[in-house]
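Geometric and topological summary
Residues per chain are reported as follows:
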Amino acid sequence: MGNNDKEKETKQQSIKERKDKHKEKNRERAKKIGTPKIVVETEEERKKKEDEKTIRPNVNKTTKEFHITPVTPQSMCPLEGTITNTPETPKKETTTDMLIYDKNQQNKLITPIKKPKEEKNENLENDKPPTLFTIYGKLWKTKLSILVVFTAIGTYACTKKRKSWKEISTETLGITLGTFGQAAFANTLNELWEIKRDSMMQRTKYRPLPQKHITKTHAFAQGLFMGTTGTLLLAVYGSKEAALLGVMNIGLYAFVYTPMKTVHWLNTWVGTINGAIPPLMGSIVATKQSCLKLNVNRVGYFMGLLMYFWQIPHFMAISYKCGKEYKKAGYHMLPIESPTHSAVQSIVHAVALYPLCWSFGYVGAKESPTVAGKLSWVGFSILSTIATTRWLVQPAMICYHDFVAHQQEAATLDETQENERKHQHYHNATNLFWGSLKYLPVVFGAAMISFSFSSKKVV
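This report concerns the structure included in the present document. If you're wondering where the values come from, they're calculated on a predicted model, not measured in any experiment.

Time to look at the overall build of the chain. In terms of helices and strands, the chain carries 16 helices and five strands. Partitioning the intrachain contacts of the chain with sequence separation of at least 6 by distance along the chain shows that 73% fall at a separation of at least 24. Of the accessible surface of the chain, which amounts to about 27,700 Å², a share of 60% is contributed by carbon and sulfur atoms.

Attention shifts here to the side chain of Asn267. Inspection of the secondary structure assignment puts Asn267 in helix α9 (residues 267-287). Those residues in contact with Asn267, other than ones at most four positions away along the chain, are Tyr257, Met260, Lys261, His332 and Met333.

Here we come to the packing of helix α5 (residues 165-193) against helix α8 (residues 240-260). Where α5 contacts α8, the two axes come as close as 9 Å, and the packing angle between them is 15°. The angle between α5 and α8 falls in the class roughly parallel. Note on packing geometry: the crossing formed by α5 with α8 is right-handed. Here Gln182, Phe185, Ala186, Asn187, Leu189, Asn190 and Trp193 of α5 lie close against α8, whose contacting residues are Ala243, Gly246, Val247, Ile250, Tyr253, Ala254, Phe255, Thr258 and Pro259. Looking at the contact of α5 with α8, its residues break down into 11 nonpolar, five polar and no charged.

With that settled, consider the pattern of salt bridges. Taken as a whole, this structure holds five salt bridges when the rule is applied. Put simply, Glu171 and Lys288 hold a salt bridge, and the shortest N to O gap is 3.3 Å. A residue pair is termed long-range when its members are at least 10 positions apart, and Glu171 in helix α5 and Lys288 in the loop between α9 and α10 (298-321) qualify at 117 residues. As a salt-bridge pair, Glu194 and Lys261 come within 3.0 Å of each other at their nearest N and O atoms. Of this pair, Glu194 sits in the loop between α5 and α6 (195-198) while Lys261 sits in the loop between α8 and α9; the two residues are 67 residues apart in sequence, bridging distant segments of the chain. Neither residue differs from the other here; Glu194 and Lys261 are each classed as buried.

Moving on, we get to a negative patch on the surface. On the surface, Glu17, Asp20, Glu24 and Glu28 cluster together into a patch of negative charge. Mapped onto the fold, Glu17 is located in helix α1 (residues 2-33).

In terms of nonpolar packing, the biggest core is built from 27 residues, with Met303, Leu306, Leu353, Phe380 and Tyr439 touching the most fellow members. Looking at this core, the elements that each hand over two or more residues are α10, α14 (353-367), α15 (371-409) and α16 (415-453). In contact with Leu353, not counting residues within four places along its chain, are Leu306, Phe309, Thr388, Leu392 and Tyr439.

Attention now moves to the layout of surface pockets. Empty space among the atoms becomes apparent when a probe as large as a water molecule is rolled across them. The volume enclosed by the second largest pocket comes to roughly 550 Å³. Lining the second largest pocket we find 20 residues, and of these Tyr320, Gly323, Lys324, Pro339 and Lys422 sit closest to its centre. Among the secondary structure elements, those contributing two or more residues to the lining of the second largest pocket are α10, α11 (323-329), α12 (334-337), α13 (339-351), α15 and α16. When its residues are assigned to classes, the lining of the second largest pocket shows eight nonpolar, six polar and six charged.

Positive phi values are uncommon outside glycine, yet Lys212 reaches one of about 60°. Here Lys212 shows up in the loop between α6 and α7 (216-237). The exposure class of Lys212 is exposed, given its relative accessible area of 74%. The backbone phi angle of Lys288 is positive, close to 60°, even though this residue is not glycine. When its relative accessible area of 43% is taken as the criterion, Lys288 is described as partly exposed.

Scanning all chains against the criterion turns up 15 aromatic pairs. When the ring of Phe302 is compared with that of Phe360, the centres are 4.0 Å apart and the planes differ by 5°; the resulting orientation is stacked. Residue Phe302 is located in helix α10, and its partner Phe360 is located in helix α14; the two are separated by 58 residues in the primary sequence. An identical accessibility class is assigned to Phe302 and Phe360; each is buried. For the pair Tyr354 and Trp358, a centre-to-centre distance of 5.5 Å together with 25° between the ring planes defines the contact as stacked. Taken together, the residues Tyr354 and Trp358, both in helix α14 and four residues apart, mark about one turn of the helix. With a relative accessible area of 14%, Tyr354 lands in the buried category. Over the ring of Tyr331 we find Lys261; its NZ or CZ atom is 4.7 Å from the centre of that ring.

Conventions we followed
- Residues numbered from 1 in each chain as written.
- Predicted model: local features only at pLDDT ≥ 70, side-chain atom pairs only at ≥ 80, totals over all residues.
- Heavy atoms only, no water.
- Helix = DSSP H or I, 4+ residues; strand = E, 2+ residues; numbered from the N terminus.
- Contact = heavy atoms within 4.5 Å.
- Areas by Shrake-Rupley, 256 points an atom, 1.4 Å probe, with all protein chains shown as cover.
- Axes fitted to C-alpha atoms, helices over the stretch in contact; angles between N-to-C directions.
- Parallel < 35°, antiparallel > 145°, perpendicular 65-115°, else oblique.
- Left-handed = near helix turned anticlockwise from the far one by under 90°.
- Nonpolar A, V, L, I, M, F, W, Y, C, P; charged D, E, K, R; others polar.
- Salt bridge = Lys/Arg side-chain N within 4 Å of Asp/Glu carboxyl O.
- Buried < 20%, exposed > 50% of the residue type's maximum accessible area, 1.4 Å probe, protein only.
- Patch = residues over 30% accessible without salt bridge, like charges linked within 9 Å, V, L, I, M, F, W, Y side chains within 5 Å.
- Lys, Arg positive; Asp, Glu negative; His and termini not counted.
- Charge placed at Lys NZ, Arg CZ, Asp CG, Glu CD.
- Core = buried A, V, L, I, M, F, W, Y, C linked by side-chain atoms within 4.5 Å.
- 1 Å grid on protein atoms, 1.4 Å probe; cavity = no way out; pocket = protein on both sides within 12 Å on 5 of 7 lines; lining within 4 Å.
- Points joined across faces, edges and corners; volume = space filled by probe spheres on them.
- Phe/Tyr/Trp six-rings, centres within 6.5 Å; stacked < 30°, edge-to-face > 60°.
- Lys NZ or Arg CZ within 6 Å of the ring centre and 35° of its normal.

Rendered as structure tokens:
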């Protein structure tokens, strides 16, 4: 009996020691965590949680914050509510990651989700209807029309002879308003032709005609007014031949280039002719001579060829960037059918700008009587070479090498690698696009500065 009593005492002592150690650990833990505050939920809040699926957020370890919510009435704790620990540091927002539990099945995880973020669609129209002037501006494609005016006025400034300020101001007004009106009419006809296809593409479906902000009759009437007014102003204050050339350009753009976009990818080369004609119009207004006289209007032909060669890399980049939408709308573009060949065409037309700028710089330097004029044309040749290499040739060659490498490795790439390659192609096309936008004003501006240093105009 004595041995049994000793064994019981030793067991009780060991149990007591364990309890004491456990209590000490709990006390130390309580000191670190702090005293929790108990917030009891009301019956209304509890009923709402019973009716809906219970959402349990993950425990945030940094703020030591957690929630205990019953799943079913049978599994409720005696003390119902939310237990929140409030440390000394200020509270931080809890994570948006959520775990959803089914209230009919205790503690069964359905799926992890993330709280959705509200996405803003920049293309959505405002609640207020657009003004009539805004609608007209979109029909005219104002930015593109301003570019047309810029090329015509820039060429006119380069080829003008010594005239009075009255003549210069009158001709400048005529060519500015005239070319803008004709360009606005051509762009309106283009949008009237492509209403159905514009509604299929993200970048064009918010135009006025697909959104029915204006009727077809109204759109055509305002476009006809702009085209007629622009042609008359150009004929009266500029040149009748330039006005006639502008009318022919409207027909080429609206009735040849636009329908050809759904037939063959050569439409891009037809469109480049439209971009090359306005500089020639500016030269004709300045010289008052026929466009058939190449020597007299050689500045206009130079600027026109500059626009022609520049447009190919520019539009090839746009066509690749918008390739999916163009294909969905039924357009035939070379970058869609053969990206590698489109990169080759970009390189060829960009390289053609080298001899064009060099030859014109040589003629300008040779015929300029002053040293400043000769140096300005040498500077033009150097600057055009650097700009062509940096902003056109180099990005186009990068596009070509990536396309070729992609074709060679296509069979060995998985889906993730394929998407990465396409993303890289899109990035390269974007660099070519922005490079082309930088190139045009720099080279045009350099040519105009070179002419300003030359006392004898190259006409």
